[in-house]
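Coordinate inspection notes
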Amino acid sequence: MARIVMKFGGTSMAGIERIRNVAARVKREVDAGNQVAVVVSAMAGETDRLVGFCREASPLYDAQEYDVVVSAGEQITSGLLAIALQAAGVPARSWLGWQLPISTSDAHASARIGEIDMGALNASLSDGVVAVIPGFQGVTDGGRVTTLGRGGSDTSAVAVAAAMKAERCDIYTDVDGVYTTDPRIVPRARKLGKVTYEEMLELASVGAKVLQTRSVGLAMKENVRVRVLSSFDDSKDEDGHRGTLIVGEEEVDDMERQLITGIAHDKNEAKITLTQVSDRPGSVAAIFAPLADAGINVDMIVQNVAHSTGSTDVTFTVPAADLARSLDVLDKAKGDIGFDSLVHDTRVAKVSVVGVGMRSHAGVAATMFSTLGDRGINILAIATSEIKVSVLIEEDYTELAVRVLHTAYGLDAEDAA
């Protein structure tokens, strides 16, 4: 008998018929003799609707009351799924975040899970009762409801799987696995059988939308085996497997490993350039310290060649949603930084190649740069890690860059149309 966590996203829970479909999938796992906990998201679009109500009530809403409102979507779907399971003959009950409880920090709207009390849940699972748990929510030590931030249901599912010591955590979505790149851009993209935690973490952080970054980081920390698969497609690959497994590097056979695992892109980037920054010790710190204090994440950074005037230009990227705040912070700090002008551009995109094979192979970056250069695509900035190379390019070239890089690294499926 195995313990399994099944997580279903908003599209899987979008209406009673789809909830019945989810109940049928859960029943199959129960009939196979497994102990099952299910983590659910709100119905597709419901969280956005609830957020809209908060903003309409007051642009300066109380974050604690915001969490009370937006957590209601998952409460509804957890109750509905428990009802659907009972109707299908499967013993089930819902457990809200405060009932287990799932203890979190008190950072409302972006709380972090601290501990999950497994006493009552273990007893329920041992009695053969399916636990249906709303994702995205928890409770503070003071008894206030919290939410984990958008996409937090994935993190809830991984945390529950870690607490249960589950065999794996199955994340059901509207795609049938992790692909070498977005199949809508590259029809010859291939579904991957296994991906390492590190690769998935990098892919998620640079634009792949399959899993939330925090959930992958938690899975890696707690060594939770995660499987991504579709709620709507039961087809198997040539090895008889469904979906994509995200596991430790030791589980990925060398025969399966490629130099590059995948290519991701992200158009939600904004480029900022400060011209004629004083070229003196501490000037760069004066730029990025106030941004950090404002909670703004800076990604790529390029310091240009110094001018003869004793100054330099500094270019970096921030999330597009943070552009206005970034410009305001920098303008207020202009006296401390000492720059001439502030230039920004939102018509940019980040394209990244990711793969653990980079550790033992030279020339990955060179292939990327030459491939883009051959197609006339100019590189505006570069960032690297041990298993990733990212470049900033003009947004209009995004799809072309993804396609030519996918081919250049030999990722195209041979039997695709």
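Residues numbered from 1 in each chain as written. Predicted model: local features only at pLDDT ≥ 70, side-chain atom pairs only at ≥ 80, totals over all residues. Heavy atoms only, no water.

In this section: the overall build of the protein. Counting its secondary structure elements, the protein contains 13 helices and 18 strands. Relative to the globule expectation of 22 Å for 417 residues, the C-alpha radius of gyration of the protein, 23 Å, shows essentially globular dimensions. For the protein, the spread of C-alpha atoms along the three principal axes comes to 80 × 55 × 35 Å. In the protein, buried positions account for 50% of the 417 residues. When contacts within the protein are restricted to residue pairs at least 6 apart in sequence, those whose partners lie at least 24 apart make up 74%. By element, 49% of the accessible surface of the protein is carried by carbon and sulfur atoms, the whole surface being about 18700 Å². One finds the centroid of the 40 positive side-chain charges in the protein at a distance of 3 Å from the centroid of its 57 negative side-chain charges. (Helix = DSSP H or I, 4+ residues; strand = E, 2+ residues; numbered from the N terminus. Rg over C-alpha atoms; globule rule 2.2 N^0.38 Å. Buried < 20%, exposed > 50% of the residue type's maximum accessible area, 1.4 Å probe, protein only. Contact = heavy atoms within 4.5 Å. Areas by Shrake-Rupley, 256 points an atom, 1.4 Å probe, with all protein chains shown as cover. Lys, Arg positive; Asp, Glu negative; His and termini not counted. Charge placed at Lys NZ, Arg CZ, Asp CG, Glu CD.)

To continue, consider unusual backbone geometry. Residue Leu 100 is joined to Pro 101 through a cis peptide bond whose omega torsion reads -5°. As for its placement among the helices and strands, Pro 101 is situated in the loop between strand 3 (92–94) and strand 4 (102–104). Phi is positive for Ala 109, which is not a glycine, with a value near 80°. In this structure, Ala 109 sits in the loop between strand 4 and strand 5 (113–116).

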